[in-house]
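The lines below spell out each chain.
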Amino acid sequence: MAKIYFDDAGQIHVPAPPNARILSLVPSLTELLFDIGLGAQVVGRTNFCVHPAPAVSEIPSVGGTKQIDLEKVLELNPSYALVNIDETPKPLAQELKDLGIEVIVTHPMSVTDNRKLFRLVGGLFGALPTAEKMTDAFDTALANLRGCAKTWPKRRILYLIWKKPWMSISAETYIASMLAEANWQIINYPSKERYPKITLDDTLIEQVDLVLFSTEPFPFTEKHIDQFRQDFPDHGSKAKLIDAEMVSWYGSRAITGLRFLTEFAEGISS
């Protein structure tokens, strides 16, 4: 009897045939497919799937993560599509199913969910040995971060993802789970939204120890840090620029991300 796998929508999948053609609509999953040795089976991606470069540039794009060209999808003839609950609209996932494509739904909510993700993708597409090695590397990086974090103080974090309007993240996000491994806790907001709009003012900033400006989805740079320090001189030392790919991308990037966060947090705590 073939082994079965459950995706994050509770759907049952069995291992794919060796000639599976994969459409990836999630940048971090596209990177994972290449890193796990399945790049040759990826037939389509989004405009935002930019890693690993330059190999991914050879894969045709079907559009963005929210809207895609279904005619182009048909031309590429994928047999499987990898999507994510946060990034892929539900109607779009249904359209892919209606085309006869097997849709695999992912939704990592915590750092440790990466273990399941590695085994889901590896198991479905015949790359389980590599997935297990990836899991071992992930466990090593996580254990190292946790060991270091035992000596670090707890810090309250404001993590910024957008401006005009200012937006942050809730504690119920993958990013918050990643930061929590460094003893960094996202503050609570009255809004129950996972990505709440906020008012950036002294009242809010006084509640936190660090204000992290992420490099995506809004491309914050050092000029935004400089402006913050001008606007809030009493809190200027709290502002830091953080590579968002390292703390928001799951999949194989999580391994590099854990190593990055260990060094990043060590630099702040020392």
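So, here's what we can say about the structure. Note that the structure is predicted; figures quoted are calculated from it, not measured.

## A few points about the sheet that holds strand β5 (residues 80-84)
Stage number 1. Pairing is parallel across the open sheet formed by four strands, whose spatial order is β4-β3-β5-β6. One side of each edge strand has no neighbouring strand; the edge strands of this open sheet are β4 (42-44) and β6 (102-106). Neighbour-to-neighbour, the strand axes of this sheet turn through a mean angle of 35°, independent of strand direction.
Stage number 2. Bridge count between β5 and β6: five bridges; the pairing is parallel. The residue of β6 that forms the bridge with A81 is V103.
Stage number 3. Together, β3 (22-24), β5 and β6 form the strand contacts of helix α3 (residues 90-98), whose direction differs from that of β6 by roughly 150°.

## Overview of a nonpolar patch on the surface
Stage number 1. On the surface, a nonpolar cluster with roughly 360 Å² of combined accessible area is contributed by I4, F6, I12 and V14.
Stage number 2. Here I12 lies in strand β2 (residues 12-13).

Calculation notes
As a convention, each chain's residues are numbered from 1 in the sequence order in which they are written. With the structure being a predicted model, the display of local features is reserved for residues of pLDDT at least 70 and the display and counting of side-chain atom pairs for 80 or more, all residues being used for whole-chain, interface and lining totals. Side-chain metrics in this entry use all non-hydrogen atoms of the structure; hydrogen atoms and water are not considered. Pairing between strands is defined by DSSP: at least two bridges between them are needed. Secondary structure counts use DSSP, requiring at least four H or I residues in a row for a helix and at least two E residues in a row for a strand, with both numbered from the N terminus. Axis definition: a line fit to C-alpha positions, over the contact stretch in the case of helices; interaxial angles, taken between N-to-C directions, run 0 to 180 degrees. Two residues qualify as a contact provided that any one of their heavy atoms is within 4.5 Å of a heavy atom in the partner residue. Patch membership requires over 30% relative accessible area and the absence of a salt bridge. Like charges are linked within 9 Å, and nonpolar side chains (Val, Leu, Ile, Met, Phe, Trp, Tyr) within 5 Å. Under the convention used here, a 1.4 Å probe and the Shrake-Rupley method define accessible areas, while residue burial counts only the protein chains that appear. In the sections that follow, a salt bridge refers to a side-chain nitrogen of Lys or Arg positioned within 4 Å of a carboxyl oxygen of Asp or Glu.

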